[in-house]
Amino acid sequence: MPTELGSTYLMKMIFKYFSENVVEHVFVRDDHVGVKCTLPQDYNDPFELFLGVKLDQGSDLLATYSEVVREIPSLLTTCFSKSPVVTPMWAHYGNNHKGFVIGFDVSELQEVFQDLLIRDISYRDRPSETLVSFAQMAAYRKKPRDAMALRDAVLYEGYFSKYAEWSYEQEVRAVNFEGYVEDVSGNKILYIPKRCVAAIISGAKSSSQTKETLQEAAQKLDAGFYIGKIGRSYPTPYMITDAGSGRVFADGKIAPAIAECAECSEPLRANGDLCPWCSIDDADRIAAAANNPFRILEHYGLLEDYIEGYPARPRKPY
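Note that residues are indexed from 1 along each chain, following the sequence as it is written. Since the coordinates come from a predicted model, pLDDT governs what is reported: local features require at least 70, and pairs of side-chain atoms require 80 or more to be given and counted, while whole-chain, interface and lining totals use all residues. Hydrogens are left out, water is left out, and the side-chain values use all remaining heavy atoms of the structure.

What follows is about the overall build of the protein. Check the secondary structure of the protein and you find ten helices and 17 strands. Within the protein, buried positions represent 42% of all 318 residues. By the convention used here, residues are in contact when the closest approach between their heavy atoms is within 4.5 Å. The long-range share in the protein, meaning contacts at least 24 apart out of those at least 6 apart in sequence, stands at 72%. Computed by Shrake-Rupley with a 1.4 Å probe, the accessible areas treat only the displayed protein chains as cover when residues are assessed. When the accessible surface of the protein is summed, it comes to about 18,000 Å², and 51% of that surface belongs to carbon and sulfur atoms. Under the DSSP-based scheme used, a helix requires at least four consecutive residues in state H or I and a strand at least two consecutive residues in state E, with every element numbered from the N terminus. Each residue gets one of three labels from its accessible area relative to the maximum for its type: buried under 20%, exposed over 50%, partly exposed in between, using a 1.4 Å probe on protein chains only.

Below you can see the structure in the form of structure tokens.
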């Protein structure tokens, strides 16, 4: 696999965020990446698998729902994101940019694990209205196929829908690992072969040791290696290659930016030569200094007394 990522198709790549303290576990097996699979009750969303249930259907339909579905089966699952540059994801799962992200090729995953179901999460404010009709058919027609249709519909909604407040995750979920995982010290681990690994990205605050380990792993796995960066003006984290070239994530792929700042090499959002900060010249700095009222107060020895008159805490300026 080349070190640069080529053309894309719908959901070509998915990304998993890791903390820096699992580096050795993730790359413990040659030519593979180890990913932990868990049951939904272990997730951080307390409402996992409950969004599919519409509670105002009426007691008769809810009774039918409960009787037919009983309890949604708890299947081994692991979660990904459609993007490697989601700042809250880096904060929550990437150890505040000290961890790393691995990008996987979806088509290769599906070819290797053919029973695996990989789907986008649908983010909603309320349960799907279509489930009501399934419950009605199961309640009133009393046919086995209607009961099975209700069960299947709720099962799918339970695993592939979440409340809208989680939409920042851009989550993709993979379900049905029973035949693929291995038990490692009580954990269910899926070992993904190198053919599925497309990219490894170190966090912007990763230690030099972590970066070296990740770079070595990328070389062994024939995957692209990128170093995460947090810019001063670019709105999301970006990346650089090990050769120093800038990369951004756009349209589902890691690609060169439209343009780069000639001074700091940060990606630009439009064609140009300098980012907003590097465009400040000496004349701008001199003018700003001359018009700074704090400098004037300091010149007359009044700055310290002036500042002491204000409380030493943040407050709204209006």
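This next bit is on helix H7 (residues 208–221). In this model H7 runs 20 Å from its N-terminal to its C-terminal C-alpha over 14 residues, within 8% of the 20 Å that 1.5 Å per residue would give. Among the residues of H7, Thr-210, Leu-214, Ala-217, Ala-218 and Leu-221 are the ones counted as buried. One face of H7 carries all of its buried residues, which in axial projection span an arc of 100 degrees. Set apart from the buried face of H7 by more than 90 degrees, the exposed residues are Ser-208, Gln-209, Gln-219 and Lys-220. A helix is expected to reach a length of 1.5 Å times the quantity of its residues less one. This arc is built from the directions going out from the helix axis to the C-beta atoms.

Relative to the helices and strands, Tyr-17 resides in strand E1 (residues 13–18). Put simply, Tyr-17 and Gly-103 are 86 residues apart on the chain and 9.1 Å apart in space, counted from C-alpha to C-alpha. In the analysis that follows, any N or O atom pair within 3.5 Å is treated as a polar contact, provided that within protein one partner can donate a hydrogen and the other can accept it, and provided that, for residues neighboring in sequence, both atoms belong to side chains. A polar atom in the side chain of Tyr-17 sits 2.8 Å from the backbone oxygen of Ser-83. Within polar-contact distance, the side chain of Tyr-17 engages the backbone oxygen of Pro-84 at 3.4 Å.

With four of its five residues buried, strand E3 (residues 77–81) lies for the most part within the structure. For two strands to pair, DSSP has to find at least two bridges joining them. In the sheet, E3 pairs with strand E8 (residues 171–175) via five bridges, with the strands oriented antiparallel. Each bridged residue has a counterpart across the sheet, and for Thr-78 the counterpart in E8 is Ala-174.

Glancing now at the pattern of salt bridges. For this document, the term salt bridge refers to a Lys or Arg side-chain nitrogen within 4 Å of an Asp or Glu carboxyl oxygen. Within the structure shown, the criterion is met by 14 salt bridges. Glu-182 is paired through a salt bridge with Arg-29; the nearest N and O atoms lie 3.0 Å apart. Taken as a pair, Glu-182 in strand E9 (residues 182–184) and Arg-29 in the loop between helix H1 (23–26) and strand E2 (32–37) lie far apart in primary sequence, 153 residues in all. Residues Glu-111 and Arg-195 are paired through a salt bridge, measuring 3.1 Å at the closest nitrogen-oxygen approach. Of the two residues, Glu-111 sits in helix H4 (residues 106–112) while Arg-195 sits in the loop between strand E10 (187–193) and strand E11 (197–202), which places them 84 residues apart along the sequence. Given a relative accessible area of 48%, Glu-111 falls into the partly exposed group. Take Arg-195: its relative accessible area is 36%, and that puts it in the partly exposed class. Because the salt bridges share partners, they merge into one network encompassing Lys-162, Glu-169, Glu-171 and Arg-173.

Let's shift gears to the nonpolar core. Among the buried residues, those of types Ala, Val, Leu, Ile, Met, Phe, Trp, Tyr and Cys that are joined through side-chain atoms within 4.5 Å form a nonpolar core. Ranked by internal contacts, the top residues of the largest apolar core, which has 39 residues, are Phe-27, Val-33, Ile-102, Phe-104 and Ile-200. Contact partners of Ile-200, with chain neighbours within four places excluded, come to Phe-27, Val-101, Ile-102, Leu-214, Ala-217, Ala-218, Leu-221, Gly-224, Phe-225 and Tyr-226. Ranked by size, the runner-up nonpolar core spans 15 residues in total, among them Met-13, Phe-15, Met-89 and Val-101.

Strand order in the open sheet formed by three strands is E2-E10-E9, with antiparallel pairing between adjacent strands. Edge strands, defined here as strands with exactly one partner in the open sheet, are E2 and E9. Recorded for the sheet is a direction-independent mean angle of 45 degrees between the axes of neighbouring strands. Bridge count between E2 and E10: six bridges; the pairing is antiparallel. Residue pairing in the sheet places Val-35 in a bridge with Leu-190 of E10. Every angle, taken between N-to-C directions, lies between 0 and 180 degrees, and every axis is a line fitted to C-alpha atoms, over only the stretch in contact when it is a helix.

Detail in the predicted coordinates should be disregarded across regions flagged by low pLDDT. Mean pLDDT over the protein stands at 86; residues scoring 70 or higher make up 89%. Low pLDDT, under 50, characterises residues 1–9; the predicted model gives this stretch 23 contacts beyond four residues in sequence or across chains. pLDDT is a per-residue confidence score from the predictor, ranging from 0 to 100.

What follows deals with the packing of aromatic side chains. Put simply, two rings from Phe, Tyr or Trp (the six-membered ring, in Trp's case) pair if the centres are within 6.5 Å, and we call them stacked under 30 degrees between planes, edge-to-face over 60, tilted for the rest. As enumerated under the stated definition, the model contains nine aromatic pairs in all. With a centroid separation of 5.4 Å and 80 degrees between ring planes, the pair formed by Tyr-17 and Trp-90 is classed as edge-to-face. One end of the pair, Tyr-17, is in strand E1; the other, Trp-90, is in helix H3 (residues 87–92), with 73 residues separating them in the sequence. Across this residue pair, the class does not change: Tyr-17 and Trp-90 are buried. Here Phe-18 and Phe-100 contribute two aromatic rings whose centre-to-centre distance is 5.0 Å and whose plane-to-plane angle is 10 degrees, an arrangement assigned as stacked.

This brings us to the packing of helix H5 (residues 130–140) against helix H6 (residues 144–160). Any two packed helices are characterised by how steeply their axes cross, that is the angle between the axes, and by the distance between the axes. In contact at an axis separation of 8 Å, H5 and H6 are set at 155 degrees when each is read in the N-to-C sense. Classified by the angle between their axes, H5 and H6 sit roughly antiparallel to one another. Helix-helix and strand crossings are classified by hand; for H5 and H6 the assignment is left-handed. Seen from H5, the contacting residues are Leu-131, Phe-134, Ala-135, Met-137 and Ala-138; seen from H6, they are Asp-146, Ala-147, Ala-149, Leu-150, Ala-153, Val-154 and Glu-157. Roughly parallel refers to an angle under 35 degrees, roughly antiparallel to one over 145, roughly perpendicular to one between 65 and 115, and oblique to any angle outside these ranges. For any pair of crossing helices, the crossing counts as left-handed if the nearer helix is rotated counterclockwise from the farther one by less than a right angle, and right-handed if it is rotated clockwise.

Together, Phe-294, Tyr-306, Ile-307 and Tyr-310 make up a nonpolar patch on the protein surface, roughly 410 Å² of accessible area in all. Within the secondary structure, Phe-294 sits in helix H9 (residues 293–299). In this structure Phe-294 comes out as partly exposed when scored by relative accessible area, which is 44%. Patches here are clusters of residues that have more than 30% relative accessible area and form no salt bridge, with a 9 Å joining cutoff for like charges and a 5 Å cutoff for nonpolar side chains (Val, Leu, Ile, Met, Phe, Trp, Tyr).

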